[in-house]
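Each chain, letter by letter, is given below.
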Amino acid sequence: MVFTAILARKLPISDFGILSIVGVVGNFATLLTTAGFSVKTLRSENVSDNDCQQAFLLNVIVGIVSATGLFILGYLSYDIWGDLRIKNIFYIGSVVFFMSAASLQSKSYIEHELKFKLLTVIELASVLVSIGVGVLLYLEEYYLESIVILTYTRITVCSIGYFFVSSWKPRFCGFQSSAVQDFRDGVSVGVHNWLNYGARNIDKLLISRVFGLTQLGFYENAYRFLLFPITNLRAPIARVLLPTLAKSKLAQDRSKIYLKYHVVVCSTIIPLMVCLGIHADYIVSLVLGNGWDKTAQIFKWFSVIGVIQPVVTLTGVVILASGDMKKYRNWGASYAVFSVLSYIVGTASDDVIGVAVTYTIFNILSANYFVKTALCSSGISRKPFWSIYITCLLIALAISGGLYKFPLNDNPLIYAPLGGLISLILCFSIHRKRLMTP
């Protein structure tokens, strides 16, 4: 996010449109490498070496396919977009994504052993190294490339770290008789991830065609504001929740565990997103500088999604932990179809903000349906789920909204984060008993 703030003052807005296209294709390649063949490792209490070897081989095969596809797209990219920088970025990415696929089983085994401190050390080291590389490229005035290579460096360092730290080591062997079922389960998870990712990113391709790269640049940076808290708060929680939930045999235990994590998500993300949404004009201007007013307008709508989507999508972990891969795939497919329809309706408007509006309305109307579907037969009641959510939302709106309407001083840099902090403390205080329940 820091690099985005710096580059917003250096790059033309249309270059952020190019970054968006590169990100969509590159991240989809990453998803191809994480098809879901290692999920069995995460949700099994006892996993054999043969299971790990099979998952490793399947991941490598998909990684080769993904890397090859990205390399070919890089070869064709100049004819499509007319920018040599995209071509070179795709070439480098093809190698990086193969490494990511090859190290995925090692990462899953570390998570299976609940060694999250090791993962934190690896990922912290990757961030520090990638920042160093990004700064060097920036100083050499490779502005566009610096933010992409920063991401590639982080993925590379993580891949190497996972491989060397994991107590399980790969060896090449033949497939076992259970490989077919493992392949089917992996594809089911992969289809969910691919459809979900495609549904969340096809809007960028549509916007680039309908409204142009400059409007996509406004939209892309608003989307970055949305993803930043989701990626850094919800994703780590989901990673810990999956193996913990999968190892719980009793429905009552699963309910207690899930609702604890639900309290953490609601008490952190909701106050943060409400605060960011209310103060969007000031925060976007502070981070990106002048000329990004439309990004602020778009983000006001996205902040509503940020209050809903992380909480709703976390329920998908419940399905994944249960091992019902078919239900998980269908759950994701439903979300994907309706998301795409909302984008198509949005592009019929005369402004890119219309896409944000229709996507927000879809998330509001569909929230209860997806929660109900995910929690059905899980033993987790929707009543405490929504009770926790509504409590945190009302507190955040009251505190942040009150400070916005009646500011303590003339400096939003002081009272804006104060509202989010007070809301967070109150949410945790109200639900502390549930958090302390053994």
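Residues numbered from 1 in each chain as written. Predicted model: local features only at pLDDT ≥ 70, side-chain atom pairs only at ≥ 80, totals over all residues. Heavy atoms only, no water.

Caption draft 1: The arrangement of empty space enclosed by the protein in detail. Within the structure shown, the criterion is met by two cavities of 30 Å³ or more. The space that makes up the second largest cavity amounts to roughly 40 Å³. If you trace the second largest cavity, you find it lined by Ile 308, Gln 309, Val 312, Tyr 335, Asn 363, Ser 366, Ala 367 and Phe 370. Mapped onto the lining of the second largest cavity, the elements with two or more residues apiece are helix 12 (293-314) and helix 15 (353-375). In terms of residue count, the dominant contributor to the lining of the second largest cavity is helix 15 (four residues). Considered class by class, the residues forming the lining of the second largest cavity number five nonpolar, three polar and no charged. (1 Å grid on protein atoms, 1.4 Å probe; cavity = no way out; pocket = protein on both sides within 12 Å on 5 of 7 lines; lining within 4 Å. Points joined across faces, edges and corners; volume = space filled by probe spheres on them. Helix = DSSP H or I, 4+ residues; strand = E, 2+ residues; numbered from the N terminus. Nonpolar A, V, L, I, M, F, W, Y, C, P; charged D, E, K, R; others polar.)

Caption draft 2: Geometry of the pattern of salt bridges. This structure, assessed with the given rule, holds two salt bridges. Taking the shortest distance from any N to any O, the salt bridge between Asp 281 and Lys 300 comes out at 2.9 Å. Highlighted residues: Asp 281 in helix 11 (residues 280-288) and Lys 300 in helix 12, separated in sequence by 19 residues. A residue is classified by how much of its surface remains accessible, and Lys 300, at 35% relative accessible area, is partly exposed. (Salt bridge = Lys/Arg side-chain N within 4 Å of Asp/Glu carboxyl O. Buried < 20%, exposed > 50% of the residue type's maximum accessible area, 1.4 Å probe, protein only.)

Caption draft 3: Geometry of the nonpolar core. Residues Leu 226, Tyr 258, Ile 270, Ile 298, Phe 299 and Phe 302 are the most contacted members of the largest nonpolar core, which totals 72 residues. Of all the elements in the fold, those that place two or more residues in this core are helix 9 (213-246), helix 10 (251-278), helix 11, helix 12, helix 13 (316-322), helix 14 (325-347), helix 15 and helix 16 (382-405). Of all the elements, helix 9 adds the most residues to this core, at 14 residues. Ignoring anything within four residues of it in the chain, the contact list for Phe 299 reads Ala 222, Phe 225, Leu 226, Met 273, Leu 276, Gly 277 and Ala 280. (Core = buried A, V, L, I, M, F, W, Y, C linked by side-chain atoms within 4.5 Å. Contact = heavy atoms within 4.5 Å.)

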